[in-house]
Structure formats: C-alpha cells, structure tokens
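# Observations on chain architecture
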Amino acid sequence: MAIKNKIFFFLIFLLLTTNITNPQGIKEVTGFGDSLFQLNENYAALNEYQRAFFFSSNYDDKAELSKKIADCYISVNELGLAYDYYDTALYYSAHDSTEIEYQLGKILCLILEKDFGYALLKLDELEVGTNEYFSARKNLFTGICNFGLEKYDEAYNYFYKSLNPNDSLLNAKLDQLFDGRKTLMRPYPAVATTMSVFIPGSGQAYAGDFKDGINSLLLLGTLAYIALYTPVLNFWVIFPFFYRYYIGGILNANNLAKERKKEKQYDCYVGLMKILKENGYLKTLFNLNTKQGHYNAYLKNSVSGADVLLSFSFLFYKKYISSQDVDACVFHPTCSAYMIGSINKNGFFIGFLNGFDRLLRCHSFVNEHDYPCNLVTKKCYDPF
C-alpha cells in the first residue's frame, strides 16, 4: 500500500512538472506571477517566479526571472535577498543592456539601505555608454546618494543632468527648489549642543522649539533654587537629578536640531520626487519616522476623577519632566508608561505595586537573558 501511494504521488509530480517544464508552461506561470505582482501579492508572485526559475533551462529566462524575484524582495523590504538575486540575474545575462539594468538594481538596493557611500563607489564603476535612459538613472542615483550624504551642491548638479535639458519648466522648478539648499544644513546640531552646555534651553530654542527650551531652563532653575534654599533637600540630594536633566537637555537640543534638519531634507526630497516624476521605491526613501507615544489615550480612557488626575499627572511628567531626562530606562515600555498602563489595566492598588516593582527592577545590572532584548535599542521588552 505504501509503495502504491509513492507511485501515485510520483505520477502526480511528473504530470505537474511535465506541464511547467515546457516553454509555454513557464510563460504561463511567469504571467500568473506578473498578475499577482501587479496586485501587490508579492509573496504569492515570488512563489510563482521561483517555480518558473527552477524549471527553466533558458539563460535569458533565468536572468529575467531573477530580476522579477529581486523586485518582489524589494517590495517586501528584503533588500539583501534582492541584491543577491540581481547578482544571479547578472550571472545569467548575456546582453550589455540587461547587465547595466541589473547593476542599477543592485545599486538601488544599496540606496534603499541608505548605504550611500558604497552605492556611490559602485556608481563610479558603472559604465552606461551613450544610452540616455541609463545615463539619466545613473545621474539620478548619484544625485540621491549625494543628497543622502548632505552634499547638496553635488546632488543638484547630478539631478540637473538627469533631467531633459530641453524641458525648461522642470529645470526652472529644480533651480527654485535648490535655491535655498544651504538652509538644509541648519540648524547645526553641534551649535545647538554647545549653546545648551552654556545656557540650558538655548539649544532647543535655536533648533526652533522655544517651549522645550523654556521648559529645560525652568526645570533646571527650579532644581538649582531648591538645592540652594532648602536645607533639608541639600545640594547633594538634588545634584543627581540636576545632572540628569542638564545632560538630558543637551542631548535633547542635539536631537531636536537633527530632527529639524531631517524635516527640511524630507520636504525638499518630496518636492524633488515630484519634479523628477519618480513614483517607485525611491519616493519614500527619506520618509520621517512619525511614530510617537499616544499618551493622550490614557487621559481619554480615564473614567473616575482619580484616574483623570493620575493620567493628567502622567501626561505632565512625560511632557515637561521626562522629556528633559536622559534615556536611562532599560525597559520598553518605560517605567512611567508601564505604571500608568498597569494602573489602567489592574486598578490603582495592584497597578501601583506593579509599577513600583518595575522601578526596583530598572537598573544597569538587568540580565538581558531574563527578558527579550532589542539588539539595536538595547532595551528589554517587559510589557505590563
């Protein structure tokens, strides 16, 4: 009985593979993959392309299928695999034009990974000849790499070369967009940091956030006043807190300046993509990370007066005190977010005890083997 089952499955497999191994079958599978890819069913399309690649014996077909597989991997942000499949396409390619296309595909992967330096090196090595399309793509990629490296003068020159010289309207729009390119370098993070070292809050004000600057100055001024004029809470009690918020204010000024620069860069890049009429993967390259803590939800979900007061206190702490602190918490979510979340979930008494327990566990000797740890942020995941 087992032998009969094996023979049956072998015959089914033979029937299926016979249908796909002929050129017409491979063409049908590839076409089905193309339709899935158009519908953004990237993993399903990937499966069809890989099946066609496996059974194909024609080098040109394998090269084209490798490119399609690479495109699928780019769509799902698996850039390392996409890069490898463009390499595979190069191996099977027998035409100069397709080789240039696959080389540009590899460089696109590097750009999407924001490895602009290495991408520039590969662009310098790439020979595109007199082909206008490939020359325009090479200039576009080179311009984007320089833009990402904040070399805006060089970026402008390459963007200008990527445009049709006879299209005066687009060239004029590009000139107008890059007229203020020197302002893309400001505010300078080093200046913001130095200002906050000497005058707390001045770096944040320079970076454009006057409220945060005033907040930093008032917080440190209040701590200094308490240390000088309150005998019970003398300088040695207050100093650790003063030091944390002083350093936190300096770091905050630096981060604010970097964020303002990124916002300017993003706005310029959005305008640039409209001028260049680029709607592919490059369009969202410099998108801003707008992920923020939705702390207002704690206040909205509060029911009793005590919950409202507690949630309001939490929001005040997050906005005006915690925002000036150094990133000292070893956990995600932070201890303050953990406590308020636990109180909302378990009630005031149990939630407060859970939050107090978290505070006792939050120290530099936390064993990473006891908690799931993010290797990038170095934060241990400990949900309430």
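The paragraphs below set out a description of the structure included in this document. From a predicted model like this one, the values you see are computed outputs, not experimental measurements.

Of note, the bond from R186 into P187 is cis; its omega dihedral lies within 30 degrees of zero at 0°. Examined against the element boundaries, P187 turns out to sit in the loop between α10 (168-178) and α11 (189-198). Despite not being glycine, N40 has its phi angle at roughly 65°, a positive value. Following the sequence through the fold, N40 ends up in the loop between α2 (23-38) and α3 (42-55). Take N40: its relative accessible area is 60%, and that puts it in the exposed class. One non-glycine residue, K114, lies in positive phi territory at about 65°.

A few words now on the pattern of salt bridges. When charged atoms on two side chains of opposite charge get close, those side chains can pair. Evaluation of the coordinates by the stated rule reveals 16 salt bridges. With its nearest N and O atoms 3.1 Å apart, the salt bridge here joins R51 to E48. Of this pair, R51 and E48 are both found in helix α3, three residues apart, which corresponds to roughly one turn of the helix. Given the relative accessible area of 37%, R51 is considered partly exposed. Salt-bridge contacts for K379 lead to D327; the nearest nitrogen and oxygen are separated by 2.8 Å. Of this pair, K379 sits in the loop between α18 (348-361) and β2 (380-381) while D327 is found in the loop between α16 (305-321) and β1 (331-332), placing the two residues 52 residues apart along the sequence. Taking relative accessible area as the criterion, D327 reaches 64% and is therefore assigned exposed. Through salt bridges with shared partners, one network takes in D357, R358, R361 and D382.

Under the criterion given, the structure shown has 21 aromatic pairs. By way of ring pairs, the aromatic residues F116, F147, Y152, Y156, F159, Y160, F178, Y269 and F286 are connected into one cluster. Above the plane of the ring of Y158 lies K161, whose end atom (NZ or CZ) is 4.9 Å from the centre. Just above the ring of F331 sits the side chain of R361; from NZ or CZ to the centre is 5.7 Å.

Counting residues in each nonpolar core, the largest one holds 62 residues, and the members touching the most others are I111, F141, I144, F147, F159, Y269 and L282. The greatest single-element share of this core, amounting to nine residues, is contributed by helix α6 (residues 96-112). Leave out the neighbours within four places in its chain, and Y269 touches I144, F147, L282, K283, L285 and F286.

Cut-offs and rules
- Residues numbered from 1 in each chain as written.
- Predicted model: local features only at pLDDT ≥ 70, side-chain atom pairs only at ≥ 80, totals over all residues.
- Heavy atoms only, no water.
- Helix = DSSP H or I, 4+ residues; strand = E, 2+ residues; numbered from the N terminus.
- Buried < 20%, exposed > 50% of the residue type's maximum accessible area, 1.4 Å probe, protein only.
- Salt bridge = Lys/Arg side-chain N within 4 Å of Asp/Glu carboxyl O.
- Phe/Tyr/Trp six-rings, centres within 6.5 Å; stacked < 30°, edge-to-face > 60°.
- Lys NZ or Arg CZ within 6 Å of the ring centre and 35° of its normal.
- Core = buried A, V, L, I, M, F, W, Y, C linked by side-chain atoms within 4.5 Å.
- Contact = heavy atoms within 4.5 Å.

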